[in-house]
Amino acid sequence: MHAQPMLPGWVLALILAWMALPATHALGATGGRIPNIVLILADDLGIHDLGCYGRADHATPHIDRMASEGIRLTRAYCAQPICSASRAALLTGKVPARTGITSFLPGRGNHPSQPLLQPTLPPGLDPGHVTLARRLREQGWTCGLVGKWHLGGPGLLPVDHGFDTYQPGRPVTRPDASEGSKGERFVTQAAVGFMEANRHRPFFLMVAHDSPHIPYDATPAERSRFSTAFEPGYAAVIARLDAAVGDVLAALDRLGLRDDTLVLLTSDNGGLHVPELHHPRVTHNGPFRAGKGFLYEGGLRIPLVVRWPGHVPAGRTSDVPVSNVDWVPTLMEAAGLKAPEGLDGTSLLALLQGGRSLPRRRLAWHFPHDTNQGGRPAGALIEGDWKLIEHLADGRLELFNLAFDPGETTNLASRRPRLARRMQRNLASWRNAVGARIPPSHPAFDESARQQLDALFDPSTFQPKHAQPADWERAYAWRRLMDAPPPHPVGP
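What counts and how
- Residues numbered from 1 in each chain as written.
- Predicted model: local features only at pLDDT ≥ 70, side-chain atom pairs only at ≥ 80, totals over all residues.
- Heavy atoms only, no water.
- Salt bridge = Lys/Arg side-chain N within 4 Å of Asp/Glu carboxyl O.
- Helix = DSSP H or I, 4+ residues; strand = E, 2+ residues; numbered from the N terminus.
- Buried < 20%, exposed > 50% of the residue type's maximum accessible area, 1.4 Å probe, protein only.
- Contact = heavy atoms within 4.5 Å.
- Polar contact = N/O pair within 3.5 Å; in protein donor to acceptor, adjacent residues only side chain to side chain.
- Axes fitted to C-alpha atoms, helices over the stretch in contact; angles between N-to-C directions.
- Parallel < 35°, antiparallel > 145°, perpendicular 65-115°, else oblique.
- Left-handed = near helix turned anticlockwise from the far one by under 90°.
- Nonpolar A, V, L, I, M, F, W, Y, C, P; charged D, E, K, R; others polar.
- Pairing = 2+ DSSP bridges.
- Phe/Tyr/Trp six-rings, centres within 6.5 Å; stacked < 30°, edge-to-face > 60°.

**Re the pattern of salt bridges**
Counted by the stated rule, this structure contains 31 salt bridges. Residue Asp-268 is joined to Arg-87 by a salt bridge in which the shortest nitrogen-to-oxygen separation is 3.1 Å. Note that Asp-268 is positioned in the loop between strand 7 (261-267) and helix 9 (297-300) and Arg-87 in helix 3 (residues 83-92), a separation of 181 residues in sequence. Both residues of the pair, Asp-268 and Arg-87, belong to the buried class. Ionic contacts of the salt-bridge type, sharing partners, join the residues Asp-43, Arg-87, Lys-148 and Asp-268 into one network.

And the structure:
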């Protein structure tokens, strides 16, 4: 009897590796091939910045077509109206109060006009908070991030959080015939290169644009093209972003990956509605109130478009409230994986695939910071059509019915005091559950400095689209005062 020939060692290793793959590596949530995932994250893209959301003076044909091929959500919320905090929430499925990153890193300093001290922020996202990339990588996905990270430096970079590869973006570039002012072309080429290199295996790619965050610029030809826009330079940057999205979608087609790839496009927070840096005007979020840095709808509502051919029906819109903490459980379910316990998000997969609603739930925010845009420490709670904002410095309550007043123009707290108090108790209970930190009083607070700002301008009620020249002059004077260094050191 002849002995059976032994397999070469490398062949045996391949067989053992294949046998060790989890069963979910073969089938996705719908029983078909595991989807690739491309998450395109814009920076400060407002709810009213895209054509498919009603913006007539911006040109976004590629994103508009993507929306027509999938679903567009009209009540998508960010977990925090500021970049780092929202990005950490998106990647971990945990609200910012749990990660400790409740504002942008490193955060705004303490100023005499601020009655509460700014909370101390960690240097970056703690590796103890597991990201979506790490969870997918453990199940066989190749994970890459190109572009903006903003969640920590060496030791806390994407490659320390489960991403196999990381290509930083170029946030300020010289616009010309091929490149925009936010490195859009560079990021897109890196994204396409990642997809080409990983076309034969499941991958998760996060394309994190720096666009349209200030500072930005445009060529004279671009400004001429959008000369009638609210802000021609901003309109040009939005067009560049749209073209970059179009190039990624075209690459998926060319590589034969269109039907096997779930693509979602969203923003980290609402659009910037006040002057900042050298930009006298940026965008408007009408009809919603305020913008980036505020817990009003203009700061919290973000565009959200999802395309997954054969799984997400085309041409749909949804007004169901969702949050970007929902993406970890959603994408894990889409990949055929079970989401872990302890997340703050809810899977949206059934909604995306044609379901009409989600189980009734509350959405809550803890934002204990003064912001560069004029936002002040507050918390917010949404229950159905009702929204409560509690200002942390003085306990003032604002209550709005979003069904009848999406612009949050009429405070109903004095007319519905029992409802306001009940929601305030619910918000306090939620803060306690997530370990939210309440900032202490600022020992160097200067009431006169606060009153000087308040007398000049209220950024929370500023509506750029309808502002008159006198309104803009007050806005510019307020910005100069906001940016002025404190007359003496303040804070601990």
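**Some details on the environment of Asp-471**
Following the sequence through the fold, Asp-471 ends up in helix 14 (residues 469-483). In the structure, Asp-471 is positioned 15 residues away from Leu-456 in sequence and 9.9 Å away in space, judged by C-alpha atoms. Here Asp-471 is in contact with Phe-457 and Phe-462, once residues within four sequence places are set aside. Of note is the side chain of Asp-471, whose polar atom sits 2.5 Å from the side chain of Arg-474.

**Some points on the packing of helix 13 (residues 447-456) against helix 14**
Interaxial distance between helix 13 and helix 14 falls to 9 Å at its minimum, and their mutual angle equals 160 degrees. Accordingly, the angle class assigned to the pair helix 13 and helix 14 is roughly antiparallel. In the packing of helix 13 onto helix 14, the handedness of the crossing is left-handed. Residue-level contacts link Gln-452, Leu-453 and Leu-456 of helix 13 to Arg-474, Ala-477, Trp-478, Leu-481 and Met-482 of helix 14. Counted by class, the contact of helix 13 with helix 14 contains 6 nonpolar, 1 polar and 1 charged residues.

**Examining the sheet that holds strand 8 (residues 304-307)**
With respect to topology, 8 strands assemble into an open sheet ordered 5-4-6-1-7-8-2-9, the strand pairing being mixed. Of all strands in the sheet, those with a lone pairing partner are strand 5 (165-168) and strand 9 (316-318), marking the two edges. Each adjacent strand pair in this sheet contributes to an overall mean axis angle of 10 degrees, direction not counted. Here strand 4 (residues 142-147) runs beside strand 5; their pairing, made up of 4 bridges, is parallel. Each bridged residue has a counterpart across the sheet, and for Gly-144 the counterpart in strand 5 is Thr-165. Docked against the sheet, helix 10 (residues 327-334) engages strand 1 (36-42), strand 7 and strand 8, running at close to 170 degrees with respect to strand 7.

**Some words on the packing of aromatic side chains**
Taken as a whole and assessed by the stated rule, the structure comprises 11 aromatic pairs. Ring geometry for Phe-462 versus Trp-472: centroids 5.0 Å apart, planes at 90 degrees, classification edge-to-face. Taken together, the residues Phe-462 in the loop between helix 13 and helix 14 and Trp-472 in helix 14 connect sequence positions 10 residues apart. The exposure class of Trp-472 is buried, given its relative accessible area of 6%. Grouped by ring-pair contacts, the aromatic residues Phe-457, Phe-462, Trp-472, Tyr-476 and Trp-478 constitute a single cluster.

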